[in-house]
Amino acid sequence: MAVPQRQTMRLLSQRLQCLSKPTVVRQTRSISSRYSNATKRTVTTGPSSTSPLLEQLSASAGARNPLDVRAARIIDAEAKAHNLQRMRIAGMGLILSMGGLAMVIFNLDLDSIEQAEKQRKGGQQLDASDEGNARFQGKEVHVIGAGDGKRILASGAGEQVELVETGTSSVPHFPRTIYLPSSTDSTRIPGVVGVAQPNADANPGNTANQEEYTLVGLGIRTVMWIQVYVVGMYVRTNDITALQAKLVRNVNPTASALIPSEKEDLKKKLLDPEESRAIWAELLAVPGIKTAFRISPTRSTNFSHLRDGFVSGINNRTSEARSLTQGGTTEYDSEEFGRSVQDLKAIFKGSNAPKGSVLVLSRDERGTLDVLYQPKPEQGDQAMERLGSLPDERVSRLLWFGYLAGAKVSSQGARDGIVNGCMEFVERPVGSVETMVH
């Protein structure tokens, strides 16, 4: 029995020695990624030594594994999309900045800047007296009085013209009265026509048979914020009484003038899209009154741009007419009207319209349209060129509607000015305005 006991003690002593040695506790985990080592790794419980790049990727990817290929591709795609969006925003900002700069440069009135610079260097002050140094169609401009009673007159060549301020330095004045030829079918041929005031040096005794037109109101046509031209509506002075009567009786059939509340009702109608169309359709009915629009560009342009604006106004009015019929036919759907619009386009072709030039669109009692043009009025030329005529009264009516009636007009400023002029007519007894003009 002694031998087995000694062997047993030897075995026990070896195990006791193993138990008496310090042991190292190793914790291992298996990395599921296919790129990781299959062997077990020691996990330290101390501070993390992860790189900042991996922390950033982990934060952006949320719970995704930063070492996963699909997650890395998603992160890369998101970064590219973000950078692309920033590039688009920067590109749009650049385009808008360049466009705004181009608009500002295009809208600069170099003549006014040069004049202001000369006045600054010369020590001159800008006040009403400086208007006396200006000229209108070759005539000296004089200012009489101040405030509401101020009158601006242009004198020269045996005639005197009363002027109205337009509100822009590019075309500062419009005449209160103009003279247009009393045309008939036999005289409506292209060529030079006289527009001088009767008994003036260029028209002694009114040998040119001119008719006087009185300004109703004016305004500035703008595209975005850029001024394009000044436009004013005129009515033949002999027709002012008829215009007064129709406007007054639209509100009060028994009155000869309107009181303030009735004036306000008429003003609302003239500014309403539907009511204004009905009122001006009655005022422009043929046979009727003679009217005209005088247009003067505030910067150099050409007939193509003016023509496109006129045709656009006609198209807008025809679209409104079709919408009112709810898909039915209108008087503007005929081939004859289409040919008339093409004839209008043919009148405006291949010519420039410099700043300050004058274009007159006149409409006679039968609705015939006359187009007159004066390229250099500042030289005092008392003649205009007739570019053409158009007998279809629908064309002139829609051109007039483009400034006077409907939801969207070519110049809201001109519409407001014309409506205010009509208010001045109706506040006086019928017939008194025509007497005052004469």
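Just above, that's the structure.
Residues numbered from 1 in each chain as written. Predicted model: local features only at pLDDT ≥ 70, side-chain atom pairs only at ≥ 80, totals over all residues. Heavy atoms only, no water.

Q: Report on the packing of aromatic side chains, specifying residues and quantitative values.
A: Under the definition given, this model contains 6 aromatic pairs. Taken together, a centroid distance of 5.9 Å and an interplanar angle of 90° make the contact between phenylalanine 303 and phenylalanine 348 edge-to-face. Taken together, the positions of phenylalanine 303 in helix H8 (residues 303–324) and phenylalanine 348 in the loop between helix H9 (335–347) and strand E14 (352–353) put the pair 45 residues apart, joining distant regions of the chain. Judged by its relative accessible area of 1%, phenylalanine 348 falls in the buried class. The exposure class of phenylalanine 303 is buried, given its relative accessible area of 2%. A connected cluster of aromatic rings, assembled from ring pairs, spans Phe303, Phe310, Phe348 and Tyr373. Over the ring of phenylalanine 174 we find arginine 294, and its NZ or CZ is 4.5 Å from the ring centre. (Phe/Tyr/Trp six-rings, centres within 6.5 Å; stacked < 30°, edge-to-face > 60°. Helix = DSSP H or I, 4+ residues; strand = E, 2+ residues; numbered from the N terminus. Buried < 20%, exposed > 50% of the residue type's maximum accessible area, 1.4 Å probe, protein only. Lys NZ or Arg CZ within 6 Å of the ring centre and 35° of its normal.)

Q: So what's going on with a nonpolar patch on the surface? Residues and values would help.
A: A surface patch of nonpolar side chains, amounting to about 330 Å² of accessible area, comprises Val223, Met224 and Trp225. Since its relative accessible area comes to 42%, valine 223 is described here as partly exposed. (Patch = residues over 30% accessible without salt bridge, like charges linked within 9 Å, V, L, I, M, F, W, Y side chains within 5 Å. Areas by Shrake-Rupley, 256 points an atom, 1.4 Å probe, with all protein chains shown as cover. Salt bridge = Lys/Arg side-chain N within 4 Å of Asp/Glu carboxyl O.)

Q: Any chance you could break down the nonpolar core for me, citing the residues and the numbers?
A: Trp280, Phe310, Phe348, Leu359 and Leu361 are the most contacted members of the largest nonpolar core, which totals 55 residues. Setting aside residues no more than four positions away along its own chain, phenylalanine 310 makes contact with Tyr229, Ile295, Phe348, Leu359, Leu361, Leu399 and Tyr403. Grouped together as the second largest cluster of nonpolar side chains are 17 residues, Phe174, Val193, Leu218 and Val360 included. (Core = buried A, V, L, I, M, F, W, Y, C linked by side-chain atoms within 4.5 Å. Contact = heavy atoms within 4.5 Å.)

Q: Outline the side chain of asparagine 252, supporting the account with residue identities and numerical values.
A: If you trace the backbone, asparagine 252 turns up in the loop between helix H5 (240–251) and helix H6 (260–271). Within the structure, asparagine 252 has its side chain in polar contact with the side chain of threonine 254 (distance 3.0 Å). Non-local contacts of asparagine 252, meaning those with residues more than four positions away in its chain, are made with Leu258 and Glu262. (Polar contact = N/O pair within 3.5 Å; in protein donor to acceptor, adjacent residues only side chain to side chain.)

Q: Which residues make up H9, and what are the values?
A: The first and last C-alpha atoms of H9 sit 19 Å apart over 13 residues, in line with the 18 Å expected at 1.5 Å per residue. Within H9, burial applies to Phe337, Ser340, Val341, Leu344 and Ile347. Looking straight down H9, one finds that the buried residues subtend no more than 110° of arc, so they occupy a single side. Turning to H9, the residues buried within the fold contact H8, strand E16 (369–374), strand E17 (383–390) and helix H10 (393–404). (Expected span 1.5 Å × (residues − 1). Arc of directions from axis to C-beta.)

Q: So what's going on with the pairing of strand E6 (residues 159–165)? Which residues, and what values?
A: One ladder, built from 5 bridges, connects strand E5 (residues 151–156) with E6; its direction is antiparallel. Among the inter-strand pairings, leucine 153 is bridged to a residue of E6, identified as glutamate 162. The antiparallel hairpin formed by E5 and E6 contains 2 residues in its connecting segment, where alanine 157 sits at a positive phi of about 55°. The pairing of E6 with strand E7 (residues 173–175) spans 3 bridges and is antiparallel. Following the sheet pairing, valine 164 is matched in E7 by phenylalanine 174. (Pairing = 2+ DSSP bridges.)

Q: Account for the environment of valine 164, with residues named and values stated.
A: The topology assignment puts valine 164 in strand E6. It is 5.2 Å that separates the C-alpha atoms of valine 164 and phenylalanine 174, two residues lying 10 residues apart in sequence. Beyond its immediate stretch of four places on either side in the chain, valine 164 contacts Pro172, His173, Phe174, Arg176, Leu215 and Leu218.

Q: Account for unusual backbone geometry, with residues named and values stated.
A: Note that the residue after valine 286, namely proline 287, is joined by a cis bond; omega there is -5°. You can see proline 287 is positioned in the loop between helix H7 (273–283) and strand E12 (291–297). In this structure, glutamine 137 is a non-glycine residue whose phi angle is positive, near 50°. Mapped onto the secondary structure, glutamine 137 falls in the loop between strand E3 (135–136) and strand E4 (139–144). What makes glutamine 137 buried here is its relative accessible area of 17%. For methionine 224, which is not glycine, the phi dihedral falls at a positive 60°.

Q: Give a description of the pairing of strand E8 (residues 177–181) that names residues and reports values.
A: Taken across its 5 residues, E8 has 4 buried, putting it largely inside the fold. Of the strand pairs in this sheet, E8 and strand E10 (residues 210–223) are connected by 5 bridges, and their pairing is antiparallel. Paired with leucine 180 across the strands is glutamate 211, a residue of E10.

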